[in-house]
Amino acid sequence: MDIQSFAWRHIGVRSEDIHQMLSEIGVSSLDELIDKTVPAKIRVKDLTGLDLPKTERKFLTSLKNIASKNKLFRNYIGLGYYGTVLPGVIQRNIFENPGWYTAYTPYQAEIAQGRMEMLLNFQTMVCDLTGMEIANASLLDEATAVAEAMAMLYSARSKEKQESKKLFVSDTVFPQTKALLETRTAPLGIEIVYGKFESFTGGDQYYAAFVQYPDSNGEIKDYRSFVNLCKAYGIKVIVAADIMSLVLLTPPGEWGADVVVGSTQRFGIPLGFGGPHAAYFATKEEFKRFIPGRIIGRTIDKDGKPALRMALQTREQHIKREKATSNICTAQVLLAVMAAAYVIYHGPDGLRVIARRIHHNAIRLSQALEKLGFRQLNKSYFDTIRIAVSEADVLKVKKLAEDNQLNFNYFTPGVVAISLGEATFDDSLEDIVKVFAGVADKQPIALEPEVSSCIQDELRRTSSFLTHPVFNSYHSETEMMRYLKRLERKDLALNHSMIALGSCTMKLNAATEMIPLSWPEFSDIHPFAPEEQVQGYLQIIRELEKDLAIITGFDSVSLQPNSGAQGEYAGLMVIRAYHQSRGEGHRNIVLIPSSAHGTNPASAVMAGMKVVVVKCDEKGNIDVNDLKAQTEKYSHQLAALMITYPSTHGVFESSVKTITDIVHAHGGQVYMDGANMNAQVGLTNPAAIGADVCHLNLHKTFAIPHGGGGPGMGPICVAKHLSPFLPGHPIVKTGGKQAISSISAAPYGSGLILIISYAYIKMLGAQGLTDATKYAILNANYIKTRLEKYYPVLYTGENGTVAHELILDCRAFKRDANVEVVDIAKRLMDYGFHAPTVSFPVAGTLMIEPTESESKAEIDRFCEAMISIRHEIEEIINGDADKSENVLKNAPHTLELLTSDEWKLPYSRQKAAYPAPFVFDNKFWPSVRRVDDAYGDRNLVCTCEPITSYVEN
Ligand SMILES: *Cc1c(COP(=O)(O)O)cnc(C)c1O
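Remember, it's a predicted structure, so these values are computed and weren't measured experimentally.

Draft legend 1. Up close: the overall build of the protein. A count of helical and extended segments in the protein gives 29 helices and 24 strands. Over its C-alpha atoms the protein spans a radius of gyration of 28 Å, differing by no more than 12% from the 30 Å that the globule rule assigns to 953 residues. Across its three principal directions, the C-alpha atoms of the protein cover 85 × 70 × 60 Å. Expressed as a percentage of the 953 residues in the protein, the buried residues total 66%. With an accessible surface of roughly 32200 Å², the protein has 50% of that area assigned to carbon and sulfur atoms. Computing the positive centroid from 98 side-chain charges and the negative centroid from 108, the protein places the two 2 Å apart.

Draft legend 2. Looking closely at helix α13 (residues 391-403). Compared with the 18 Å implied by 1.5 Å per residue over 13 residues, the 19 Å span of α13 between its first and last C-alpha is a close match. Buried residues of α13: V394, V397 and A401, and no others. Each buried residue of α13 lies within a common arc of 65° when the element is viewed along its axis, so the set occupies one face. Opposite the packed face of α13, turned more than 90 degrees from it, sit the exposed residues L395 and K399. For α13, the secondary structure elements touched by its buried residues are β13 (406-407), β14 (415-419) and α14 (426-440). Positive phi appears at Q405, one or two residues downstream of α13, with a value of about 60°.

Draft legend 3. View of the UniProt feature "modified residue: N6-(pyridoxal phosphate)lysine" (unreviewed entry) in the protein. Mapped onto this structure's residue numbering, the UniProt feature "modified residue: N6-(pyridoxal phosphate)lysine" (unreviewed entry) falls at K700. Its place among the elements puts K700 in the loop between β20 (693-695) and β21 (716-718). Residues contacting K700, with those up to four places away along its chain left out, are S503, C504, T505, K507, A675 and H706. Reaching out from K700, the side chain makes a polar contact with the backbone oxygen of S503 at a distance of 3.2 Å.

Draft legend 4. Expanded view of the sheet that holds β21. Strand order in the open sheet made by the 7 strands is β15-β21-β20-β19-β18-β16-β17, with mixed pairing throughout. The open sheet has two free edges, formed respectively by β15 (556-558) and β17 (610-614), since each of these has just one partner strand. The mean angle between the axes of side-by-side strands here comes to 25°, regardless of whether they run parallel or antiparallel. Relative to strand β18 (residues 638-644), strand β16 (residues 589-593) runs parallel, the two sharing 3 bridges. Bridge pairing links I589 to L638 in β18. Those strands touched by helix α18 (residues 535-552) are β15, β20 and β21, and its axis lies near 120° from that of β15. Set on the sheet, helix α22 (residues 656-665) makes contact with β18 and β19 (669-673); between it and β18 the angle comes to about 165°.

Quick notes on the rules
- Residues numbered from 1 in each chain as written.
- Predicted model: local features only at pLDDT ≥ 70, side-chain atom pairs only at ≥ 80, totals over all residues.
- Heavy atoms only, no water.
- Helix = DSSP H or I, 4+ residues; strand = E, 2+ residues; numbered from the N terminus.
- Rg over C-alpha atoms; globule rule 2.2 N^0.38 Å.
- Buried < 20%, exposed > 50% of the residue type's maximum accessible area, 1.4 Å probe, protein only.
- Areas by Shrake-Rupley, 256 points an atom, 1.4 Å probe, with all protein chains shown as cover.
- Lys, Arg positive; Asp, Glu negative; His and termini not counted.
- Charge placed at Lys NZ, Arg CZ, Asp CG, Glu CD.
- Expected span 1.5 Å × (residues − 1).
- Arc of directions from axis to C-beta.
- Contact = heavy atoms within 4.5 Å.
- UniProt positions renumbered as here; feature names shortened; annotations may be inferred.
- Polar contact = N/O pair within 3.5 Å; in protein donor to acceptor, adjacent residues only side chain to side chain.
- Pairing = 2+ DSSP bridges.
- Axes fitted to C-alpha atoms, helices over the stretch in contact; angles between N-to-C directions.

Following this line, the structure appears as structure tokens:
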């Protein structure tokens, strides 16, 4: 590795360490280790076709050049995406701060209280603004949130409604939402009936209805009698609402909506060519056990003090599997955190000022254009006006607007729609007026300074919102900065220590990969901007697609899915379309190994397929005999096998080609879950193992940070025969000739963060990417060698090595010492480490994945912590430590506990807090003691209410 190359920075192990690591493992070279680990018959030669690696500096220079091909127009296109103003304090302290963006999903509650507090703020904000009772901690985008509402209400249908399979959808909802609903309803057998809500007459066949508020034209419609009609028929009502408008409008919760969803992009989040943005999802208490995604709830810790944790985790995918009705795993935590911070920074009064300014600007603009002789079609509106113009004049408007770098919405013939945002000020309004004056051949009209609202009286908001102190305390930058720091300090992220979460690939998210996200040439681009303005983005997208195709050995790529699970769903829908195109639409069985991640069966069910579980043998491999039996039994119905490779057990199964051949012989397709791609890049690939389609978690293998539980990206890569079916989009052409309808609201998913993976690939190049894989495998095997004397390693490959992760079996400690695997997880916090993955894919185990980015020194510290914990377990077994009052059961130890005047525990404070020498240097203090999950689920509170309002039931 070239000293000072990006690979040298990205990979943690130094050349002087390798020799020692290899000799501990018992091999003479890195290549020997790789040869022992990755079966020869699936090895690929190299990654021919990728560019040579660029240094960080060269990369940024070349990217600036590409960025300049994006044209920075002011955007009034609307359709769910608006110009915003991201406060500097949020940009610097959250968006550009690894303390926030490198954290993981808050599985370990005690070291994630900060981001959970912000997510609780987010949920409270959503409940307040929508007038609903309970909200989740974000979904992937608005269209997905609508689809999740459609699915949730379907599975929650009452007894009387079991035969109802129709969904009424108003004509005036966003086109991208319609497209996504069409994708998602088809496999479930739900029929969409489009129409005008005013002429909807109800009926028992309908189980739900969906309207938009304000509607896709920008008009504020009064849905109250419509909702009453729906209620009379037991039809549940879904409303997609613009959250900024709800500052001024009667919230849907006050006129009877059952589910309210939307995007929080308007709360300071950059356009980013379509994302990432956090969608919100709010509903009534009665649906709380059906809500998709994650919910943060209040509970208490071991001392009875208030604490937060992810509520109702028994609903999580790995438990619900094929009974799940949603596959949401990664969501949009970082964006939800930013939106909540925006609301906290502005407070209710600040939001009112912003919302009123947007609204009044729209009216002022409308009046000026009407004075110029134009007809404005919207009567009651929040931010969108529609100017009726002849076809000829549309072209004139467009020409003049583009000359002035303004984008309007021309999607309706004979209409120019203009949606204003927070970023619209008088100078821009004047420029818009000039365009229309030019078309009318008149002098521009001056804007009125003051106007009154055009919202009908009965739909003006009268209820208060955001009354909780958190929304009324941090309005100066100093206060805000300190509040953000206070929360950040409670959370352990990659800027503190290694997070060895198996299957999650918590690698370096390099600063140089992140820097361009703040460039306006990338952040200020509307996803539906004309093609000629987004050439920079399109170049990045085309190159990234090409590079991912090379890496996976496949033909083509869709960058649309916003998470791995959405990629699974997209891939299965592509397989479904392929079978249908061959007259084999009856193929609907998906074989899934018992070790699979829970999203696999959940995605299969959403794609209308039936899940048949394939057994694993005692070595953790797919039981080939069982696979043979199942494929023979279901030969004519077999749609696909979903396989994770290397397996979730951390092993390269050598029989993988046999397995994929068997599936193909029965007419099935092979879907590879790409979550473990970090063990493959450059050494083997999904095509080589015989797969037809895979997803990639760009937030695992390709360096997008996890953001505390999102954003993510889950593009799918497919073999040639599946390329025609890649997902399309209703506004921007994407996908193949026989494209399935869309999977995400935006054509390329979360465009902004594609730049991170692009940067990662361009700076590493073929050699660096391959080296990254080799070092990931080296590090995992080094940990195995160091720890196997203390903990049984559950699965290894034929030559006794593991892939990029390994599973430690902790089940015997339960019997011998009453120590559960969670006790080990919590004790690691006292050593300053985040636990590995707990009880997945096997209950009672820890799955460790170090990644290539960790140094030997850090890996050694982690191993020492694990070894020291093993000794602590031994003390319990020996009787040297108490069976219940010991360092494991009481972990984590807080500063408050340790410094209290009383200390009654039968071990020293130093042993509790500083159990190893290296801890003195880098102590992390959990902010709460062990949280009580069960208490929180019994007393579900998911908004910022005072803890005293709890009543134990
Ligand atoms: C992470 C993971 C998923 C889900 O991916 P998301 O991006 O969180 O939706 C699926 N399968 C496996 C094996 C995973 O590790």
